[in-house]
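# Chain and residue survey
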Amino acid sequence: MSRKFLSILLFILIISTGSLAQSNKVKVIKVPEMVKLTKAKDDQVKVINYWATWCKPCIKELPYFVQAAKHYPNVEFIFISLDFADQTKRVNSFAQKKELTVGELYLIDDLDYNSWIDKISPEWSGAIPATMIINGDQKKFYEQEFHEGELTKIIEETLNNN
Amino acid sequence: MKKYVFLTLISLFALAFTLDKGGYEVGDKASDFSLKNVDGKMVSLASYEDAKGYIVVFTCNSCPYSVAYEDRIIALHEQYADKGYPVIAINPNDEEKSPKDSYDLMKVRAKEKNFPFAYVYDETQSITKSYGATNTPHVYVLDKDRTVKYIGAIDNNTRDASAADKKYVEDAVDALIKSKEVPTKKTKAIGCTIKWAS
């Protein structure tokens, strides 16, 4: 084997492990992709939580989402951060610490809030924490902080209706 | 059968009642209030004798998005108070749920930032409820008769005032000054929830 071939191999290896490690990190998205996340297949249940590192009630309720994500492997958990787009480092370290990596992590990069809040849900005033629970083509929006047991109760009810 | 119809009606009525979050829409007449300012005096809209309208801002100490807008709220008052449209800032948060928003700490923040406007405390949260504010900062622009002309955000860039290309509150007040129709009457923005007493 030539040295050149080996170094190319090494290069590919480094690149691929790099991207593997990155899969747990927050993905910065724009509005069309965020709207797409609210669509689900017929038998699919999704829980989307809108949060930010600066939002105290969000941080208080996140452990209930992490617990539920572990308990319901068939339910898709998505965390969408409303932090500013140059704060991915802060979001990532927070996500690691709080185990948000059990779900999919996104950050919405669009500060023109009025242009997209209604596209997520007309029921949303824009206050966070906010959560959407999707069961096929049915969507329920919760503009509230969840307390112990409240989230799992709703997920159970959703799964029973499935 | 009749019984079921009756029960359905009752539950529909109950549902409608729960769904109705209350609060003002554009065109409604807002109520006046009497709330304690950081200087210890009671403030009401009627106490602004020369006012041609009001910029009522639900805001607080603790919410980073409110803090991000503080300088812009000061600028609004400086720009419009002399023209008859003062800012009145109302802290809607329960101090037990959000200790940083206590009346004492409001006084501290008002002094630090040298607020040129009244910063009053809605201790019972009843004004916040009747206006229907949901997050901070949340603005209600009223005309002289307290008719709601605009509800929503200050502009469309929380992070950077100079990057905002839609200045909703300025546009609304400018329209009122010129006796014109407010161009954008209602907007939404990301913000902190109101911290309600339990």
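Cut-offs applied
- Residues numbered from 1 in each chain as written.
- Chains lettered and ligands numbered in written order.
- Predicted model: local features only at pLDDT ≥ 70, side-chain atom pairs only at ≥ 80, totals over all residues.
- Heavy atoms only, no water.
- Salt bridge = Lys/Arg side-chain N within 4 Å of Asp/Glu carboxyl O.
- Helix = DSSP H or I, 4+ residues; strand = E, 2+ residues; numbered from the N terminus.
- Buried < 20%, exposed > 50% of the residue type's maximum accessible area, 1.4 Å probe, protein only.
- Pairing = 2+ DSSP bridges.
- Right-handed = clockwise from strand over helix to strand, strands pointing away.

For chain B, the name recorded in an unreviewed UniProt entry is Thioredoxin family protein, with Marivirga atlantica as its organism.

As annotated in an unreviewed UniProt entry, chain A is TlpA family protein disulfide reductase from Marivirga atlantica.

### With respect to the pattern of salt bridges
Applying the stated criterion to the full structure yields 14 salt bridges over all chains. Residue Asp109 of chain A pairs with Lys30 of chain A through a salt bridge whose shortest N-O separation is 3.2 Å. Placement of the pair is Asp109 of chain A in the loop between β4 (104-108) and α5 (117-120) and Lys30 of chain A in the loop between β1 (27-29) and α2 (31-37), with a sequence separation of 79 residues. Relative accessible area serves as the criterion here: at 25%, Asp109 of chain A is assigned to the partly exposed category. Asp112 of chain A serves as the salt-bridge partner of Lys166 of chain B, at 3.1 Å between the closest nitrogen and oxygen. Of the two residues, Lys166 of chain B is situated in the loop between β8 (148-152) and α5 (168-177) and Asp112 of chain A in the loop between β4 and α5; the pairing between them involves two chains. Of the residues examined, Asp112 of chain A reaches a relative accessible area of 18% and is grouped as buried.

### Quick look at the pairing of strand β3 (residues 76-81) of chain A
All names here are of chain A. Counting buried positions along β3 gives five out of six residues, so the element sits mostly inside the fold. Note that strand β2 (residues 45-51) and β3 share six bridges and pair parallel. Across the sheet, the residue bridging to Val47 is Phe77, located in β3. With helix α3 (residues 56-71) bridging β2 and the parallel β3, this β-α-β connection has right-handed handedness. Pairing between β3 and β4: four bridges, direction parallel. By the bridge assignment for β4, Ile80 is matched with Tyr106. What joins β3 to β4 is helix α4 (residues 88-97), and the crossover it makes is right-handed.

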